[in-house]
Amino acid sequence: MKRKIILLIMSILVLFSVTAQSSKDYNTFINIVKKELKEIHIQNYEEHFNEQYFVIREENEYFDVGTEVGLTNLYNICSQNDKSQWKNLVKNYFSQVKISRNEEKEILPKLESFETGKDYLKLRIYPIDYKDQISKSSVFESLTEEYISVVVIEFPSTIKSLSSDYLKKWKKTEKEILESAKSNTLKNNKEEFEEYKISDSFSVSVMLSDTNIFVTSSIYDLNNKYNSISRYGAFVAIPNRYGIILKNINKETLNNDIVQMMAIVNYMYQQGPGSISNSIYWFDGKHFYKVIHDPAKGYIKLPDGLVEMLK
């Protein structure tokens, strides 16, 4: 297990590193997308390729009319691979979209009732920037200032945000739906924290997965997942979608620990993919309090409660 975690960290820090792509690369990507759209007979769409999306203007086997098809994630995936693979990656993407659409047709009728639909609900963590996109149409809550927890429908091969229309359909409150999704997610999250030594003077505990897209939701279950939190609490961060970084607070090594924590969290956040936040929080066993820091300037301000506790 330890070896697996170490290899996973290294894959995040090294293999998944995304370098800036030129406009020429992006144009190559868009041309591949256009050719694939023609191949699968999607020709009536509104181009917004400069903003990395397009809008479907007629019914087809892949999308509903009016669907805004985002290309950012697909482009990022292509950017991490050799250009010789881009055509297959784009083709596979649209093939998966078609499969997912068929899955929706089978499962959505079960969501007509809360009793038959609740087992498909999960909770996924997204960066705070996602809030503007889903705030009027989805069920979510803001756990911290930097990320939000969104209720999604889990299909066999994809996920989709749960429409807030289901609140009225099911006669349920947002809190009830959030709790159901949270319960489903946490009971299926089997990952555990493992300690990873970064240097002779610094180690962190990590919970990571490259297969479970809900792993970061274990932020709600820290006391069970990490049952030896110190009397001073722990520093916690979710730099990207792959998992949670935790550093138990030791009064004697605090200064070194927080600086090192800032460095690794910021690096993983910058590298991505699926970046969530480079913020670090103090978890006191019940609540999260933001550590104010500026990585560029090395400025750090600990939460008042932690400062008082350390006196």
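None of the values given here were measured: they were computed from a predicted structure. (Residues numbered from 1 in each chain as written. Predicted model: local features only at pLDDT ≥ 70, side-chain atom pairs only at ≥ 80, totals over all residues. Heavy atoms only, no water.)

**Some thoughts on the overall build of the protein chain**
Moving on, step 1. Helix and strand counts for the protein chain come out as 11 helices and 14 strands.
Moving on, step 2. In summary, the protein chain has a C-alpha radius of gyration of 21 Å against a globular reference of 19 Å for 311 residues, a match within 12%.
Moving on, step 3. Expressed along its principal axes, the backbone C-alpha trace of the protein chain runs to roughly 65 × 50 × 35 Å.
Moving on, step 4. For the protein chain, buried positions account for 47% of its 311 residues.
Moving on, step 5. Across the protein chain, every contact between residues at least 6 apart in sequence was considered, and the portion connecting residues at least 24 apart equals 59%.
Moving on, step 6. With an accessible surface of roughly 16,700 Å², the protein chain has 47% of that area assigned to carbon and sulfur atoms. (Helix = DSSP H or I, 4+ residues; strand = E, 2+ residues; numbered from the N terminus. Rg over C-alpha atoms; globule rule 2.2 N^0.38 Å. Buried < 20%, exposed > 50% of the residue type's maximum accessible area, 1.4 Å probe, protein only. Contact = heavy atoms within 4.5 Å. Areas by Shrake-Rupley, 256 points an atom, 1.4 Å probe, with all protein chains shown as cover.)

**Regarding the nonpolar core**
Moving on, step 1. If you look at the biggest cluster of nonpolar residues, it comprises 36 residues, and the most contacted ones within it are Val-151, Leu-162, Ile-219 and Val-236.
Moving on, step 2. Here this core gets 4 residues from one element, more than from any other, and that element is helix α8 (residues 174–188).
Moving on, step 3. If we skip the residues at most four places from it in the chain, Val-236 touches Ile-219, Leu-222, Ile-244, Ile-245, Leu-246, Met-261, Ser-279, Ile-280, Tyr-281, Phe-283 and Phe-288.
Moving on, step 4. Phe-235, Val-265, Val-291 and Leu-306 belong to the second-largest nonpolar core, a separate cluster that totals 24 residues. (Core = buried A, V, L, I, M, F, W, Y, C linked by side-chain atoms within 4.5 Å.)

**Focus on the sheet that holds strand β9 (residues 202–208)**
Moving on, step 1. The 7 strands lie next to each other as β8-β9-β11-β10-β12-β13-β14, forming an open sheet whose pairing is antiparallel. Every interior strand has two partners, whereas the edge strands, β8 (194–199) and β14 (299–301), have only one. Here the strands of the sheet are splayed against their neighbours by 30° on average, with no regard to which way each runs.
Moving on, step 2. With 4 bridges connecting them, strand β12 (residues 280–283) and strand β13 (residues 288–294) associate as antiparallel partners. Its bridge partner being in β13, Trp-282 is matched across the sheet by Tyr-289.
Moving on, step 3. Packed onto the sheet, helix α10 (residues 254–271) meets β8, β9, β10 (234–240), β11 (243–248), β12, β13 and β14 and runs at close to 15° relative to β10. (Pairing = 2+ DSSP bridges. Axes fitted to C-alpha atoms, helices over the stretch in contact; angles between N-to-C directions.)

**Describing the sheet that holds strand β3 (residues 68–70)**
Moving on, step 1. Read across the open sheet, the 3 strands follow the order β1-β2-β3; overall the sheet is antiparallel. Looking at strand neighbours, the two that pair on one side only are β1 (45–48) and β3, the edges of this open sheet. With strand direction ignored, the average angle separating the axes of adjacent strands in the sheet is 20°.
Moving on, step 2. As paired strands, β1 and strand β2 (residues 53–56) are joined by 4 bridges and run antiparallel to one another. Note that in β2 the partner of Tyr-45 across the bridge is Ile-56.

**Side note on the packing of aromatic side chains**
Moving on, step 1. For the coordinates displayed, the defined rule picks out 15 aromatic pairs.
Moving on, step 2. Summarising the aromatic geometry, the rings of Tyr-26 and Phe-29 are spaced 5.9 Å apart at their centres and angled 35° between planes, so their arrangement reads as tilted. Of this pair, Tyr-26 and Phe-29 are both found in helix α2 (residues 23–39), 3 residues apart, which corresponds to roughly one turn of the helix. Taken individually, Tyr-26 and Phe-29 each receive the classification buried, so the pair is uniform in this respect.
Moving on, step 3. Judged by centre distance (5.0 Å) and plane angle (80°), the rings of Tyr-26 and Tyr-75 are edge-to-face. (Phe/Tyr/Trp six-rings, centres within 6.5 Å; stacked < 30°, edge-to-face > 60°.)

**Thoughts on α10**
Moving on, step 1. If you check α10, its first and last C-alpha atoms are 26 Å apart, about what 18 residues at 1.5 Å a residue would give, namely 26 Å.
Moving on, step 2. Residues of α10 that are buried: Leu-254, Asp-257, Ile-258, Met-261, Met-262, Ile-264, Val-265, Asn-266, Met-268 and Gln-271. (Expected span 1.5 Å × (residues − 1).)

**Some words on unusual backbone geometry**
Moving on, step 1. Of note, the phi angle at His-41 is positive, near 65°, even though the residue is not glycine.
Moving on, step 2. Among the structural elements, His-41 can be located in the loop between α2 and β1.
Moving on, step 3. The class of His-41 is exposed, set by a relative accessible area of 61%.
Moving on, step 4. If you check the backbone angles, Lys-171 has positive phi at about 55° while not being a glycine.
Moving on, step 5. Summarising the element assignment, Lys-171 is placed in the loop between α7 (165–170) and α8.
Moving on, step 6. Judged by its relative accessible area of 74%, Lys-171 falls in the exposed class.

**A look at the packing of α2 against helix α3 (residues 72–79)**
Moving on, step 1. Running from amino to carboxyl end, α2 crosses α3 at an angle of 115°, the nearest separation of the two axes being 11 Å. Judged by the angle between their axes, α2 and α3 are roughly perpendicular. Where α2 crosses over α3, the two elements pack in a sense that is right-handed. Every residue of α3 that contacts α2 at Asp-25, Tyr-26 and Phe-29 is listed here: Leu-74, Tyr-75 and Cys-78. (Parallel < 35°, antiparallel > 145°, perpendicular 65-115°, else oblique. Left-handed = near helix turned anticlockwise from the far one by under 90°.)

**Brief notes about the side chain of Lys-122**
Moving on, step 1. Mapped onto the elements, Lys-122 comes out in strand β4 (residues 121–127).
Moving on, step 2. By relative accessible area, Lys-122 is classed as buried at 8%.
Moving on, step 3. A polar contact of 2.9 Å, which involves the side chain of Lys-122, links it to the side chain of Glu-154.
Moving on, step 4. With residues up to four places along the chain from it excluded, the contact list for Lys-122 reads Val-150, Val-151, Val-152, Glu-154, Ala-181, Asn-184, Thr-185, Asn-188 and Phe-214. (Polar contact = N/O pair within 3.5 Å; in protein donor to acceptor, adjacent residues only side chain to side chain.)

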